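# What the coordinates show
Residue strings, one per chain:
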2 protein chains.
Amino acid sequence: MQLLDGKKYSDELVSEYKKIVSDLDILLSIIQVGNNISSDIYIRNKIKYCESVGVKVNLYHIDNGDEKSLKELINNLNNDSKVTGIILQSPIPGIDFNKMVELIDSSKDVDGLTKNNIYNLYINNETIIPCTVKGIIKLLEHYKISLKGANVCIIGRSNIVGKPLALALENRDATVTLCHSKTKDLHLYTKNADIVISAVGIPKLITGDYVKNGVICVDVGINRINNSLCGDFDYESVKDKALFITPVPGGVGPMTVSMIVDNLIAMKKNSYI
Amino acid sequence: MQLLDGKKYSDELVSEYKKIVSDLDILLSIIQVGNNISSDIYIRNKIKYCESVGVKVNLYHIDNGDEKSLKELINNLNNDSKVTGIILQSPIPGIDFNKMVELIDSSKDVDGLTKNNIYNLYINNETIIPCTVKGIIKLLEHYKISLKGANVCIIGRSNIVGKPLALALENRDATVTLCHSKTKDLHLYTKNADIVISAVGIPKLITGDYVKNGVICVDVGINRINNSLCGDFDYESVKDKALFITPVPGGVGPMTVSMIVDNLIAMKKNSYI
């Protein structure tokens, strides 16, 4: 078993990004609505990584439920030519997330969640794709794992991970099954898959019994049990069957953060993967 | 084995639609680019069905490759308040189909292919969905076939059928695998599926060996062999294993045409499924 070491690769990317960013003038705006301890941690990690490669970051705070101020802020950032990209940190309690995301200028939509960017992904003319999706693809590519013709089982059908990931992997000629809470016979799909990707947030949902020998496991879940983190895979029982597996933490998470910079560079240069 | 008789159901819908349409003033504009014998037949069927329920139809012809005239026409139809819906009949040789579709006002987009309508499908806030997709769903519903938790294998990943169908079935809690030309082990997916839907246009691709007993087969393929029509399923070898199967012709085809009227009514009333 080999680790898909997202932390290591993400750290390696720093020097590459540093060189590119130094020639560009990149400013990221992050908007946080209300107070959420998880959001605090995610935002702190994003700022830290961005600043380590020379991307400037402005963080804005909006009160819970203050839709009016949020709209005004997004509008101002859209119109500010100094702003390269905008992240609206989820969740935004009391306000419709999709509706607010849609107000972001799609050319500044670092998270790749606006209608334009999703549609471009759908028609296989990718522009900015969601950071977690891009992070998983880059990580698999880094370890020379081929997607073409691969049987992939994705668990979780969120608009942010599961669905765009399915589209992106189909664009790369994988055969994708999208599983979710209403799936019966989940093990039939996971057992048959060359690559199993879980993004549901259920600790240790996927045990060794659910996968075949030589499987590649990508764990998007970050779950807290008794003050320690674990993923959606039962690492101990899966690791002996897996050819590759992402650790939690240190797998997909750091890649997601790196891809913010990757997307910002693509946006600034107007050249996409 | 029971037929999923799309022709019969489509005919039954006529009287229902007639009543609804008589209170509304619905005008459909169909645009044909160049000459294509298949398009002639499809358009003739669409006009015939629409007129049978009281929907008025205007047919417009544009020369092959004349993008300028096509753009002008779409623009005029968008701005014409008498026009309820617009169909751009595919193929449009020499012109980018997606680009032209995107010019259609999404509130007049009968085929449900514009960015807005696809995005609404993606976020599970469906508005106008593609006619073939809606036709398949209505046909399955008519025969009381439940989608919730069903294992569905779709073969074919086109932007018009395979991909929107996958999204629509996931919205209805099916577990969907989207297969295509690069899929290895196709039979593994078809064998495991409660419902197999093929939309690739390869005659008799799916034989009895590929499906399990009690399978439900939905055939979107229309292939011509020696002057007779056949689908993507090898009907003779599949029929004894299938619980339900759509005939070709007379299955999905007529449902697709009926759903043009269904979508036009929804658009006119501004109320969606």
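Computed from a predicted structure; not experimentally measured.

The rules behind each value
Residues numbered from 1 in each chain as written. Chains lettered and ligands numbered in written order. Predicted model: local features only at pLDDT ≥ 70, side-chain atom pairs only at ≥ 80, totals over all residues. Helix = DSSP H or I, 4+ residues; strand = E, 2+ residues; numbered from the N terminus. Contact = placed C-beta atoms within 7 Å. Nonpolar A, V, L, I, M, F, W, Y, C, P; charged D, E, K, R; others polar. Pairing = 2+ DSSP bridges. Buried ≥ 20, exposed ≤ 12 C-beta atoms within 10 Å, placed from the backbone. Least-squares fit on C-alpha atoms with pLDDT ≥ 70 in both. Domains from an automatic or database assignment. Axes fitted to C-alpha atoms, helices over the stretch in contact; angles between N-to-C directions. Parallel < 35°, antiparallel > 145°, perpendicular 65-115°, else oblique. Expected span 1.5 Å × (residues − 1). pLDDT = per-residue confidence, 0-100.

## A closer look at unusual backbone geometry
Across the junction of V248(A) and P249(A), the peptide omega takes the value 0°, indicating a cis bond. For P249(A), the position within the fold is in the loop between strand 11 (242–245) and helix 10 (252–269). Positive phi, normally seen in glycine, also occurs at D173(A), with a value near 70°. Position of D173(A) relative to the elements: it lies in the loop between helix 7 (162–171) and strand 6 (175–179). A positive phi angle is found at N124(B), which is not glycine, with a value near 60°. Mapped onto the elements, N124(B) comes out in the loop between helix 5 (115–122) and helix 6 (131–142).

## A few points about the interface of chain A and chain B
Each partner contributes to the interface: chain A provides 26 residues, whereas chain B provides 26 residues. At the level of elements, helix 5 (115–122), helix 7, strand 6 and helix 8 (186–192) of chain A are the ones that each hand at least two residues to the side of chain A that touches chain B. Counted by class, the side of chain A that touches chain B contains 8 nonpolar, 9 polar and 9 charged residues. Judged from the 3 bridges that link them, strand 6 of chain A and strand 6 (residues 175–179) of chain B form a sheet pairing that is antiparallel. Residue pairing across strands places T177(A) opposite T177(B), the latter belonging to strand 6 of chain B.

## Some remarks on the pairing of strand 4 (residues 85–88) of chain A
All names here are of chain A. The alternating pattern of strand 4 places G85 and I87 on one face and I86 and L88 on the opposite face, and all of these are buried. Two elements, strand 2 (residues 27–33) and strand 4, share 4 bridges in a ladder whose sense is parallel. For I31, the partnering residue across the bridge sits in strand 4 and is L88.

## Structural notes on the relation of the copies chain A and chain B
The two copies are related by a screw motion: chain A maps onto chain B through a turn of 180° and a shift of 0.0 Å along the axis, at an RMSD of 0.0 Å. Each copy turns onto its partner about a two-fold axis. When C-alpha positions in chain A are compared against the rotation axis, the closest is assigned to T177(A), at 2.0 Å. With an isologous cut-off of 70% or more, the 100% of interface residues of chain A that recur at the interface of chain B puts this contact in the isologous class.

## Details of the domain arrangement of chain A
Annotation of chain A at the domain level lists domain 1 (22–105) and domain 2 (131–253). For domain 1 of chain A versus domain 2 of chain A, the separation of C-alpha centres amounts to 28 Å.

## Considering the environment of K184(B)
Residue and element names in this part refer to chain B. Residue position: K184 is located in the loop between strand 6 and helix 8 (186–192). K184 gets classed as partly exposed once you count the C-beta atoms within 10 Å, which come to 13. C-alpha of K184 to C-alpha of N226: the two residues are 42 residues apart in sequence and 30 Å apart in space.

## Looking at the environment of K115(B)
Mapped onto the fold, K115(B) is located in helix 5. Distance from K115(B) to S158(B), taken between C-alpha atoms, is 15 Å for residues 43 residues apart in sequence. In contact with K115(B), other than residues within four places in its own chain, are K115(A), N116(A), Y119(A) and E102(B).

## Overview of the packing of helix 6 of chain B against helix 10 (residues 252–269) of chain B
Residues and elements named next belong to chain B. For the pair helix 6 and helix 10, interaxial distance at closest approach is 7 Å and the crossing angle is 105°. As the angle between them shows, helix 6 and helix 10 are arranged roughly perpendicular. For the pair helix 6 and helix 10, the contacting residues are C131, T132, K134, G135, I136, K138 and L139 in the first and V252, M255, T256, S258, M259, I260, D262 and N263 in the second. A class-by-class count of the residues in the contact of helix 6 with helix 10 yields 7 nonpolar, 5 polar and 3 charged.

## Here we look at the sheet that holds strand 3 (residues 56–62) of chain A
Residue and element names in this part refer to chain A. An order of 3-2-4 is seen for the 3 strands of this open sheet, with the pairing classed as parallel. Edge strands, defined here as strands with exactly one partner in the open sheet, are strand 3 and strand 4. Shown here is a sheet whose adjacent strand axes are inclined to one another by a mean of 20°, direction ignored.

## Observations concerning the sheet that holds strand 2 (residues 27–33) of chain B
All names here are of chain B. Read from one edge of the open sheet, 3 strands run 3-2-4, paired in parallel fashion. Across the chains shown, the open sheet's two edge strands, defined by having one partner strand only, are strand 3 (56–62) and strand 4 (85–88). On average, adjacent strands in this sheet sit at an angle of 20° to one another, irrespective of strand direction. Across 7 bridges, strand 2 lies against strand 3 in parallel orientation. By the bridge assignment for strand 3, S29 is matched with N58.

## Some details on helix 10 of chain B
Residue and element names in this part refer to chain B. Taking 1.5 Å of rise per residue, 18 residues should cover 26 Å, and helix 10 covers 25 Å from first to last C-alpha, within 8% of that figure. Among the 18 residues in helix 10, 15 count as buried, and that is most of the element. Of the residues flanking the end of helix 10, it is N270, one or two places downstream, whose phi is positive at about 55°.

## Description of the confidence of the model for chain A
On average, residues of chain A score 97 in pLDDT, and 100% of them are at 70 or above. Scored by ipTM, the complex comes to 0.96, with pTM at 0.97.

## Side note on the environment of A174(B)
Residues and elements named next belong to chain B. For A174, the location among the structural elements is in the loop between helix 7 (162–171) and strand 6. Given 25 C-beta atoms within 10 Å, A174 falls into the buried group. Look past the residues within four positions of A174 in its chain and what remains in contact with it is L147, A150, V152 and L169.

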